[in-house]
Amino acid sequence: MAVEANWIWMDGELIPFDQARVHVLTHTLHYGYGVFEGIRAYARPDGSHVFRLGEHIRRLFDSAHIIGLEIPFRQGELLEACLETLKANKLPKGYLRPLVFLGSEAMGLGALNNRVRVAVAAWDWGAYLGEEGIANGIRCKISSYNRLHPNVNMVKGKICGQYVNSVIAKREALSAGYDEAIMLDTSGYVSECTGENLFMVRAGRIVTPPYGSSILGGITRDTVITIARDLGVVVEERSFTRDELYIADEIFLCGTAAEVTPVREVDDRRIGTGRPGEVTGLISKNFFDIVTGASPAHPEWRHTYTAPG
Ligand code: PMP
């Protein structure tokens, strides 16, 4: 996917897209010591909004804190930077990518004094797992790679280098002809996907791995749980094995990029009817009504802004 935009916010100012360059000796490019976010802005009939912007910025700072990285801006400043980047690029909707990384002043793992740099990019991005995936469901494979063990990596942060784990799992799944990989944790329990949290439905109840397990604390995951509970659907947070997935009535994934995407097959086994199920449909409809429709629910999730025409 080629990114098209005119402006990028970098280290405190908006600069033309082509000038947003870094040196090849940028520390983070070599060792992955940096953090990032993925945020979506949506257009609704009553105007544009960034979905749960405050929570995403909070998680960016939490990710940095987890790895001991000091961001040289306040949360409010980066929140404004996100809005400015959308407006400068005249985007009434789109995807935001804040990135915090170390500069190129020194090489080596112990370089302590490199400048901490921050960039925010924004571009128009459609359905991450495809419109067809959202409509009809995708095919997943249990990965041969495990989700990060908490004693080896930091599971609650969006940390650049850790995404190699996701990228190799995703590439493995794609090259085997599947759409997405489901990662187990190192004890063999279902964890999450490469960039999405996972839910299954059985006998009308929604089940998802607990927040305290090796999953990223997804903001869409929290949104889905809240929507389900608003609708009176029971949500259970507990561990489960891959074979429980095979016999689920429904499975769906969620994330900022993937939104709510049904899963129709896992390891070549049909899930339920092989079509997106009723509970998935209900959650998905409510989610999309809140982000792109006219639903008045949860105004606190919408950070409104006006994109110049
Ligand atoms: N798990 C992983 C590994 C992710 O990268 C993401 C995407 N940020 C998610 C889950 C979903 O999180 P969110 O809903 O906050 O985008």
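Numbering of residues starts from 1 in each chain and follows the order in which that chain's sequence is written. Local features are withheld for residues below a pLDDT of 70 in this predicted model, meaning they are given only at 70 or higher, and side-chain atom pairs are given and counted only at 80 or more; totals for whole chains, interfaces and linings count all residues. As a rule here, side-chain values cover all heavy atoms of the structure and leave hydrogens and water aside.

**Some points on the site of the ligand**
At step 1: If you check the shell around the ligand, you find 14 residues, and the closest are Y163, E192, I219, T220 and T256.
At step 2: Between Y163 and the ligand, the recorded distance is 2.4 Å, taken from a side-chain N or O atom to an oxygen atom.
At step 3: Contacts described as polar in this section are N or O atom pairs within 3.5 Å, which, within protein, must combine one atom able to donate a hydrogen with one able to accept it, while residues neighboring in sequence count only if both atoms come from side chains. Here an oxygen atom of the ligand sits 2.5 Å away from a polar atom, N or O, in the side chain of T220.
At step 4: To measure how exposed things are, a 1.4 Å probe is used in the Shrake-Rupley method; for residues, cover is taken only from the protein chains shown. Coverage of the ligand by the protein chains reaches 96% of its 380 Å² of free accessible surface.
At step 5: Throughout, the protein atoms alone are placed on a 1 Å grid, and a set of points is a cavity if a 1.4 Å probe fits but cannot get out or a pocket if it is open with protein on both sides within 12 Å along at least five of seven lines; lining residues have an atom within 4 Å of a point. By definition, a pocket or cavity contains a molecule when more than half of the molecule's atoms lie within 2 Å of the pocket's grid points. In this structure, the ligand is accommodated by the largest pocket. In this text, near means that some heavy atom of the residue lies within 4 Å of the molecule or strand in question.

**Section: a nonpolar patch on the surface**
At step 1: On the surface, V24, L25, L29, Y31, M107 and L109 cluster together into a nonpolar patch covering about 610 Å² of accessible area.
At step 2: Assignment of secondary structure puts L109 in the loop between β6 (94-102) and β7 (116-123).
At step 3: Relative accessible area decides the class of each residue, using a 1.4 Å probe on protein chains only: under 20% of the type maximum gives buried, over 50% gives exposed, and in between gives partly exposed. A relative accessible area of 71% means that L109 is categorised as exposed. Exposure above 30% relative accessible area and the absence of a salt bridge qualify a residue for a patch, where like charges join within 9 Å and nonpolar side chains (Val, Leu, Ile, Met, Phe, Trp, Tyr) within 5 Å. Within this document, salt bridges are pairs made up of a side-chain nitrogen of Lys or Arg and a carboxyl oxygen of Asp or Glu, the two lying within 4 Å of each other. Numbering of helices and strands runs from the N terminus, with a helix taken as a DSSP run of H or I at least four residues long and a strand as a DSSP run of E at least two residues long.

**So, the packing of helix α2 (residues 53-67) against helix α3 (residues 75-88)**
At step 1: Orientation is described by lines fitted to C-alpha atoms, with helices fitted over the stretch in contact, and by angles between N-to-C directions that extend from 0 to 180 degrees. The geometry of α2 relative to α3 is characterised by a closest axis approach of 10 Å and an angle of 125° between their N-to-C directions. Taken together, α2 and α3 sit at an angle that is classed as oblique. Crossing of α2 against α3: the hand is right-handed. Contacts between α2 and α3 involve L53, G54, I57, R58, L60 and F61 from the former and Q75, L78, L79, C82 and L83 from the latter. In these notes the angle categories are as follows: under 35 degrees is roughly parallel, over 145 is roughly antiparallel, 65 to 115 is roughly perpendicular, and the rest is oblique. Here a crossing is called left-handed whenever its near helix is offset anticlockwise from the far helix by less than a right angle, and right-handed whenever the offset is clockwise. The contact criterion used throughout is that any non-hydrogen atoms of two residues lie within 4.5 Å.

**What about the side chain of R117?**
At step 1: Along the chain, R117 falls in strand β7.
At step 2: Relative accessible area serves as the criterion here: at 16%, R117 is assigned to the buried category.
At step 3: At 2.8 Å, the side chain of R117 and the side chain of D11 are in polar contact.
At step 4: Sequence-distant contacts of R117, that is, excluding residues within four places in its chain, are made with M10, D11, V22, L99, V100, F101 and G103.

**Let's talk about the layout of surface pockets**
At step 1: Approximately 1200 Å³ is the volume found for the largest pocket.
At step 2: Lining the largest pocket are 48 residues, and of these F36, Y95, R97, K158 and Y163 sit closest to its centre.
At step 3: Top element by residues in the lining of the largest pocket is helix α5 (residues 163-175). It accounts for 6 residues.
At step 4: Polar here means any residue outside two lists: the nonpolar Ala, Val, Leu, Ile, Met, Phe, Trp, Tyr, Cys and Pro, and the charged Asp, Glu, Lys and Arg; Gly therefore counts as polar. When grouped by side-chain class, the residues that make up the lining of the largest pocket number 26 nonpolar, 13 polar and 9 charged.
At step 5: The calculated volume of the second largest pocket comes to roughly 280 Å³.
At step 6: Of all the secondary-structure elements, those providing two or more residues to the lining of the second largest pocket are α2 and α6 (219-230).
At step 7: Ranked by residue count, the leading element in the lining of the second largest pocket is α2, at 4 residues. Grid points are joined across faces, edges and corners, and a volume is the space filled by probe spheres set on the points.

**Quick look at the nonpolar core**
At step 1: Judged by nonpolar contacts, the single largest core of 31 residues is most densely connected at V50, L53, I71, L78, L86, L96 and V100.
At step 2: When residues of this core are traced back to their parent elements, those giving at least two are β4 (39-44), α2, α3, β6 and β7. In this text, buried Ala, Val, Leu, Ile, Met, Phe, Trp, Tyr and Cys residues form a nonpolar core when linked through side-chain atoms within 4.5 Å.

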